[in-house]
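# Structural characterization, general
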Amino acid sequence: MHGYHTIVRVPRTIPRFALGLALGAGCAAMCVGCGAETPAAAPAVKSLPKASAQTAQPSAAQSDPVQPATDPRATQQGPPARRPFASAPLADLAAEGKNRAFDLPEIDDDKMAVAGIRKLAGKHITIYTDLPVGEVDELPAVFDAAVPLWCEYFGVDLAKIAQWKTYGHMMRDKERFVGTGLYLESLPEFPHGYSQGSQLWLYDQPSGYYRRHLLLHEGTHCFMFRWLGGAGPPWYMEGIAELLATHRWHAGKLALAVMPRTRDEVPYWGRVKIIRDDWAAGRGLSLTDVMHYDAQAHLRNEPYGWCWGAAAFLDQHPLTQAAFRQLKEGAADRTIDFSKRFQERLKPHWNQIAEDWQLFVTQCDYGYDVARAAVVHRPVAPLPAGGAKVTLDTARGWQSSGYRLEGGKTYEISATGRYEVAGGANPWPCEAGGITLRYHEGQPLGMLLAATKGGSRASAVSPLINAYPVGLSSELTPDSSGPLYLRINEGANGLGDNRGTLEVEIRRK
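Conventions and cut-offs
- Residues numbered from 1 in each chain as written.
- Predicted model: local features only at pLDDT ≥ 70, side-chain atom pairs only at ≥ 80, totals over all residues.
- Heavy atoms only, no water.
- Helix = DSSP H or I, 4+ residues; strand = E, 2+ residues; numbered from the N terminus.
- Polar contact = N/O pair within 3.5 Å; in protein donor to acceptor, adjacent residues only side chain to side chain.
- Buried < 20%, exposed > 50% of the residue type's maximum accessible area, 1.4 Å probe, protein only.
- Arc of directions from axis to C-beta.
- Pairing = 2+ DSSP bridges.
- Axes fitted to C-alpha atoms, helices over the stretch in contact; angles between N-to-C directions.
- Phe/Tyr/Trp six-rings, centres within 6.5 Å; stacked < 30°, edge-to-face > 60°.

## A few points about the side chain of Thr362
Mapped onto the elements of the fold, Thr362 is located in helix α12 (residues 350-362). Reaching out from Thr362, the side chain makes a polar contact with the backbone oxygen of Leu359 at a distance of 3.2 Å.

What follows is the structure in structure tokens.
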């Protein structure tokens, strides 16, 4: 018999991780940059500077909306940055494209060549760079491959943007670009990438993947401001850019909004690590916390990880995907109303969404399958006197048994059936006791787990974060009454290749 051993150890302090609904978010600005994960043995990427006047992030329990944020460039020393959309309403710009913020300057290519700056020409982007031949020559093709994918995601007619042109600047030596006038005097200091109008500037990065990532991130900003009239408040602007910059590029084919399968696929990206490290340090954020990021939050590295996480989660979760993808229709709105409308639409399901977000944060990993990991809820009934049997799908995360257990009472849970885990060419047959050749979270892979959702709904942490190992048979005595949930012991990144079901019997002792 197995006792009450938890599989996941929860930190003592978990700030701002409540399940309640709190509305509000800041306004966006067109200030962009990305941070990178830096392995100890590799050259370091410049770290993002600390904001000198950073606004403290409100907790999820706060219900007062944050004040509209200002453009972070307003606090920069030196000449003010050229603001996009300064001379016409955003809707007019999206429809007519007549604002001079999108005009491209005339560049003397011969002068650039003398200065050691090469020209890489593509259909939609021309990139000027001081990097040697071969290292960045693929970038115009990457950008051009992204354009139809952006059109598809945002619902923009590809024919409408057929003549769209942008300039990119991939810099190793900034002074070369300053001396030739390619680096505008109006630009603020930025650590990695920045976009303005129809131009973007990128510092060289230590991996080919991360160069492409920054190009696609800033390119997403350029596309949204030009063809949608804006990019929403900070969490959405940076989250959607991170989502659509996380890519797979192979044999000239580009895929956007991918969930990286391994760290090796995305060197120096580091977004998963940010979430995992913050969670381990007791700094887990709710979705509402992320939506409260103000316009200066992204002077730090961590918000990029959280905004990516929120966008990836909301874009794939079955309860949020439709509403999230419709946010593009309000991209010109940078006010708190943008997030209020979104959360109000999701209000009937918000507690379920917030709980699934907790599971995502606490178990965040490469290849996380948001849709399969979403908790399956069912109407709950008292357990019949003679017990009951339920069928468990081994390719899904937590699933409600549909039966309520009473606190302080003892129940026997037993399971029968064979299924496959770690599928593919060599799947592993498995029973409810799991496979001892591989462990996950301290228990055999594929082992049957159980949890009860009793106690107060206001609890800061979902009971599903703690699981009881059941195996082939075990006794459970819940502390409080609540529905019984079941799953097999496997990370959300390994559910997709499982095959088969498990028959579980629940009986009162």
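Read on for the rest.
## Side note on helix α7 (residues 271-280)
Those residues of α7 lying buried are Arg271, Val272, Ile274, Ile275, Asp278 and Trp279. Looking straight down α7, one finds that the buried residues subtend no more than 165° of arc, so they occupy a single side. Just past α7, the residue Gly282 takes up positive phi, approximately 80°.

## Points about the sheet that holds strand β20 (residues 501-508)
Read across the sheet, 4 strands follow the order β9-β20-β11-β18 without closing on themselves; strand pairing throughout is antiparallel. Edge strands, defined here as strands with exactly one partner in the open sheet, are β9 (388-393) and β18 (473-476). Neighbouring strand axes in the sheet, compared pairwise and without regard to direction, differ in orientation by 25° on average. Judged from the 6 bridges that link them, β9 and β20 form a sheet pairing that is antiparallel. Across the sheet, Lys389 pairs through a bridge with Glu505, a residue of β20.

## What about the sheet that holds strand β17 (residues 468-469)?
Taking strand neighbours across the sheet as the criterion, the 5 strands line up as β8-β10-β19-β16-β17 in an open arrangement whose pairing is mixed. Edge positions in the sheet fall to β8 (381-382) and β17, since each has one partner strand and no second. Here β8 runs beside strand β10 (residues 399-405); their pairing, made up of 2 bridges, is parallel. Bridge assignment links Pro382 to a residue of β10, and that residue is Arg404.

## Considerations on the packing of aromatic side chains
All told, the structure shown has 25 aromatic pairs when counted by the stated rule. Note on Trp235 and Tyr236: the rings are 5.9 Å apart at their centroids and 70° apart in plane angle, and the pair reads as edge-to-face. Of the two residues examined, Trp235 and Tyr236, each falls in the buried class. Taking 4.9 Å as the distance between ring centres and 85° as the angle between the ring planes, the aromatic pair formed by Trp269 and Trp308 counts as edge-to-face. Of this pair, Trp269 sits in the loop between β7 (253-256) and α7 while Trp308 sits in helix α9 (residues 302-316), and the two are 39 residues apart along the sequence. Trp308 matches Trp269 in its accessibility class, with the two residues each being buried. Among the aromatic residues, ring-to-ring pairing joins Trp269, Trp306, Trp308, Phe313, Trp357, Phe360, Tyr366 and Tyr368 into one connected group.

Note that every value here comes from positions in space, so none of it alone points to a role or purpose.
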